[in-house]
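Overview (structure and organization)
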Amino acid sequence: MLSRLAGSVFHVGSAVERADVVARMLDVYVARPDPASGHEDAAVSAALRSVLGAVPSARRQDRTASIDSLALDRHEPASIAHAVGVARDHARRAREVVSTELWDCLDVTRSRMPRKVAVDRAHEFLGWVRERSALAVGVVEGDASRDEVWEFFTLGRSLLRCGLTARLLGSSLVDASSSSSWQTALRACGAGEAFRRGRDHGTEAEDAAHFLLHDQHSPRSLAFLATRADDCLTDVAPDCVADEVDAFRAARSSLGRVDVAAPADLRAVADRLAGAVGAVVAALDARVFAVVAPTH
């Protein structure tokens, strides 16, 4: 596959996943925060902006400002609106390899993105974003052959969610000793129901942490996401990013040795994995997906 097409498909998957991840985290930590958490809105907003990679804001970030910035600001690279726009633009560039159904889904989503949402309607809007993201993923999963298009799309999704989940676990939003904090993190990652319905674990903090880090069957766990990303990298990553891929694999292997009861150990491993994911994405952009400018 041409590098420009591979890059566009990769960024479609990454942007679709970002819209879903940001919508879930905003819903759990901002739109419907847990009153028992004891965190102030400004502290939560600052931590969430750091997790999502948003540009630091000089203004005090209350709930309204956080939703405006992280959901609707089309100039904020970490926002839902920006992610939807990126997905649509890259799908347009890769029209020769993406399906008509996927293009229609992203085009309609982009055209229906609102520019303003009231705080009391934020939950409804964020639910709509999750549904549109799930529809886009479902189109690819249901229609695409398991070829390079599917692998680059899945690689973009897996690396994005793996990196942001790791950054969440390494942030101040998660209290490693608190069961309720882990329950909130599970919901923010979309794994709350899967954890509650499981029959082979309890409800303590260590059980929730183990599920989100090590469960091999939950598509929201770090172990599952890192394994799926590694499988795709094995198939499509060229030798020019071998060093970054090896570092990612080393970080992935460290997940199996993390002590979930030790906050410092957990944050060190999470930060290492998030850094390794960022290095792989940067290397792919710089050496694989970059389009060489004409010399004349």
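Now for a quick tour of the structure. (Residues numbered from 1 in each chain as written. Predicted model: local features only at pLDDT ≥ 70, side-chain atom pairs only at ≥ 80, totals over all residues. Heavy atoms only, no water.)

1. Looking at the packing of helix α11 (residues 222-236) against helix α12 (residues 242-254)
Selection criterion: Orientation is described by lines fitted to C-alpha atoms, with helices fitted over the stretch in contact, and by angles between N-to-C directions that extend from 0 to 180 degrees. Note on conventions: DSSP H or I runs of at least 4 residues are helices, E runs of at least 2 residues are strands, and numbering of each starts at the N terminus. Every angle not falling under 35 degrees, over 145, or within 65 to 115 is termed oblique; those three ranges are roughly parallel, roughly antiparallel and roughly perpendicular. Here is the rule for handedness: rotate from the far helix to the near one, and if that takes an anticlockwise turn smaller than a right angle the crossing is left-handed, while a clockwise turn gives right-handed. The criterion used for residue contact is that any of the two residues' heavy atoms lie within 4.5 Å. Only Asp, Glu, Lys and Arg are considered charged in this grouping, and only Ala, Val, Leu, Ile, Met, Phe, Trp, Tyr, Cys and Pro are considered nonpolar; every other residue, Gly among them, is considered polar.
Relative to each other, α11 and α12 sit at 155 degrees, their axes nearing to 11 Å. When the axes of α11 and α12 are compared, the pair comes out roughly antiparallel. Here α11 runs over α12; the crossing is left-handed. Facing Ala 226, Thr 227, Ala 229, Asp 230, Leu 233 and Thr 234 of α11, the residues of α12 in contact are Val 245, Phe 248, Arg 249 and Arg 252. Of the residues that constitute the contact of α11 with α12, the class distribution is five nonpolar, two polar and three charged.

2. Thoughts on helix α10 (residues 205-214)
For the record, the criterion: Burial classes follow relative accessibility: with a 1.4 Å probe on protein chains only, a residue under 20% of its type's maximum area counts as buried, one over 50% as exposed, and anything between as partly exposed.
The buried count for α10 comes to seven of ten residues, which makes it a mostly enclosed element. Of the positions making up α10, those classed as buried are Ala 205, Ala 208, Ala 209, Phe 211, Leu 212, Leu 213 and His 214. Those residues of α10 that are buried are in contact with α7 (148-169), α8 (179-188), α9 (192-197), α11 and α13 (263-288).

3. Considering the side chain of Ser 254
The following threshold applies: In the analysis that follows, any N or O atom pair within 3.5 Å is treated as a polar contact, provided that within protein one partner can donate a hydrogen and the other can accept it, and provided that, for residues neighboring in sequence, both atoms belong to side chains.
Among the structural elements, Ser 254 can be located in helix α12. Only 2.5 Å separates the side chain of Ser 254 from the backbone oxygen of Ala 251, close enough to count as a polar contact. Leaving out residues up to four positions away in the same chain, Ser 254 has contacts with Val 269 and Arg 272.

4. Some words on the side chain of His 214
Note that His 214 resides in helix α10. With near-sequence residues (within four places) excluded, His 214 lies in contact with Ala 223, Leu 255, Gly 256, Val 258 and Val 260.

5. Remarks on the pattern of salt bridges
Worth spelling out the cut-off: The term salt bridge refers to a side-chain nitrogen of Lys or Arg lying within 4 Å of a carboxyl oxygen of Asp or Glu.
What the rule picks out here adds up to 20 salt bridges. One salt bridge in this structure joins Lys 116 and Asp 68, with 3.0 Å as the shortest N-O distance. Taken together, the residues Lys 116 in the loop between α5 (100-111) and α6 (122-143) and Asp 68 in helix α3 (residues 63-72) connect sequence positions 48 residues apart. For Lys 116, a relative accessible area of 58% gives the class exposed. Residue Asp 107 is joined to Arg 88 by a salt bridge in which the shortest nitrogen-to-oxygen separation is 3.0 Å.

6. Quick look at the state of the cysteines
So the rule is basically this: Here, the term disulfide refers to a pair of cysteine sulfur atoms separated by no more than 2.5 Å.
One pass over the full model with this rule turns up zero disulfides. Residue Cys 240 stays outside any disulfide, its sulfur separated by 17 Å from that of Cys 232, the closest cysteine.

7. Remarks on α7
Stated precisely, the cut-off is as follows: The span one expects for a helix is its residue count, reduced by one, times 1.5 Å.
Relative to the 32 Å expected for 22 residues at 1.5 Å per residue, α7 spans 31 Å between its end C-alpha atoms, a close match to the ideal helical length. With 20 of 22 residues buried, α7 is to be regarded as a mostly interior element. Between the side-chain oxygen at the start of α7 and the backbone nitrogen of Val 149 there is a gap of 3.2 Å, and the oxygen is on Asp 147.

8. Thoughts on the packing of helix α2 (residues 41-52) against α3
The geometry of α2 relative to α3 is characterised by a closest axis approach of 9 Å and an angle of 15 degrees between their N-to-C directions. Judged on the interaxial angle alone, α3 and α2 are roughly parallel. Classified by chirality, the crossing of α3 by α2 is right-handed. Along its contact with α2, which presents Asp 41, Ser 45, Leu 48, Arg 49 and Leu 52, the element α3 presents Arg 63, Ser 66, Ser 69 and Leu 70. Within the contact of α2 with α3, the residues separate by chemical class into three nonpolar, three polar and three charged.

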